[in-house]
Amino acid sequence: MSSEGYLTDATTRHQVYVQRYAGGNLKRVAAFISKAIKTAKDRVSGGLSDYGTRRYTSQIETLQGDLRGIYDDLKGRAQLDLGEFAVYEAEFNATMLGKVIRAVVQLSVPSAEMVAAAALADPMLLEARQGVQRISISGALDQFGTKKSAEIIGEIQIGSSLGETSQQIGRRLTSIHQLHQDQATSLVRTMTNHVASTARMQTLNANDDILKGKRRIATLDGRTSPFCRSIDNQVVPLDAPSPPFHWNCRTSEIPVLKDEFAREIPGSTRPSVGPDGAAQVSSNTTYQDWLSRQPAAFQRDVLGPSRYALFTKGELTLDKFVDDNGKTLNLQQLKDLEPRAFERAGL
C-alpha cells in the first residue's frame, strides 16, 4: 500500500479524536453559557424596576456588563485551549509525516509559538448565505458573545414591556438556553477543525520541498455536505483553501509526497457509516464510489429525490452538484447546465 493509503487511514482515525476533543471543549463552553443564563435569571428574580424607567435602564446596563465579562472569560479560555491544541496537532502531523518518508529526509518542524499564533490569527473562510464569510477565531468568539448577550437582554426587555412576571421572563430565558448550546456546538466544532487544519498546514508548508500537494478527505457518512462530497480524494496545491469550508465541516487533508521521498506502507483502510452501521473500506475509496455502493433508499435520503435521480439515472457525478465556489446549485441551475442529464433522469 502507498504512503498515501497509510496517511488516509491515520488521518481519518485521528479525525475521530479531533471531534472528541471538540466535544470536551464544548462542555467547558457550555458552562459559560449556563452561567450567563443563570446570571440573567438571578437578575430578573431579584426584581426589575418598571420598564422604561431610568432605574430599569441602569439594571439592564449592569447586566450587560456582567454578560460581557462572562463571554470575555469564555473567549480567553477557548483561545488558551485551542492554542495548546494547535501545538499538539502540529506535533502529530510531523510524526505522521515522518512515518511515510524515506529515512534520508530530515523533517522541518515549525515552532510551537508560530503554530499557536497562526491557528488563532489565520481567518476561517466559510461558505455562508451571502457568499464566503471570512472570520478569525477571535472574531467568531466576539460575535458569538455579542449576539448571545443581545438575545438574553432582548428576551428580558420583551417580557418586561409586556408586563410579564419574573417567572415568565425566566421561562423565556430557559427557552433560549438550549438554542445557545446548539449554536455553540457548531462554533466549537468549526473552530477545532480550523485549528487542526492550520496546524497541519504549518507543518506541510515547512516541508513543501518534499510534497507535490495535498489530498482532501471527506467523512463517509450521510451528513457530509454536498461540497465536501464533491471534493473527496481531490488532490490540490498546498496553497489551495483548507478546511473548514463551512460551519460544522469535518473534512480533513493529507500530504501528497513527491515519488522520490515516499515509501511503501502495509495496507490501510478508512472508516465509513452507511445504513448498516460502521464499516471499514479501502483508503482509495472516494465518496462517489462509496455512495454508489449504498442502498437506493440511503442514496435518496442523502441526495434528495431529484438529485438521486440525476445521480443514478442522469449519470451526474457529485462534483456537478456544486459550482466552482462550492455553492450548491439549485435544480434550475443544474438543468441549465446539464439538460441531457435531466432528460436521462426523466425530470
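Refer to the structure printed above.
Residues numbered from 1 in each chain as written. Predicted model: local features only at pLDDT ≥ 70, side-chain atom pairs only at ≥ 80, totals over all residues. Heavy atoms only, no water.

Enquirer: Give me the lowdown on the overall build of the protein, citing residues and values where you can.
Expert: Across its full length, the protein carries 11 helices and seven strands. Its C-alpha atoms put the protein at 75 × 55 × 35 Å along the principal axes. The buried share of the protein, taken over its 347 residues, is 48%. As presented, the protein carries roughly 16800 Å² of accessible surface, and 50% of it is formed by carbon and sulfur atoms. Seen as two clouds, the 42 positive and the 39 negative side-chain charges of the protein have centres 4 Å apart. (Helix = DSSP H or I, 4+ residues; strand = E, 2+ residues; numbered from the N terminus. Buried < 20%, exposed > 50% of the residue type's maximum accessible area, 1.4 Å probe, protein only. Areas by Shrake-Rupley, 256 points an atom, 1.4 Å probe, with all protein chains shown as cover. Lys, Arg positive; Asp, Glu negative; His and termini not counted. Charge placed at Lys NZ, Arg CZ, Asp CG, Glu CD.)

Enquirer: I'd like a description of the environment of Asn-330, backed by residues and values.
Expert: In this fold, Asn-330 is placed in the loop between α9 (305–312) and α10 (331–337). On the basis of relative accessibility, which here comes to 40%, the residue Asn-330 falls in the partly exposed class. Separated by 158 residues in sequence, Asn-330 and Arg-172 have C-alpha atoms that sit 37 Å apart. Among the polar contacts made by the side chain of Asn-330, one reaches the main-chain amide nitrogen of Gln-332 at a distance of 3.1 Å. (Polar contact = N/O pair within 3.5 Å; in protein donor to acceptor, adjacent residues only side chain to side chain.)

Enquirer: Explain the packing of helix α1 (residues 3–45) against helix α4 (residues 137–161) residue by residue, including any values.
Expert: Viewed as axis vectors pointing N to C, α1 and α4 meet at an angle of 25°, and their least axial separation amounts to 11 Å. Between α1 and α4, the angle falls in the class roughly parallel. At the point where α1 passes α4, the crossing takes the right-handed sense. Of the residues in α4, those in contact with Ile-33, Ala-36, Ile-37, Ala-40 and Val-44 of α1 are Phe-144, Ile-152 and Ile-156. When grouped by side-chain class, the residues that make up the contact of α1 with α4 number eight nonpolar, no polar and no charged. (Axes fitted to C-alpha atoms, helices over the stretch in contact; angles between N-to-C directions. Parallel < 35°, antiparallel > 145°, perpendicular 65-115°, else oblique. Left-handed = near helix turned anticlockwise from the far one by under 90°. Contact = heavy atoms within 4.5 Å. Nonpolar A, V, L, I, M, F, W, Y, C, P; charged D, E, K, R; others polar.)

None of the figures reported here should be taken as evidence of function without further support.
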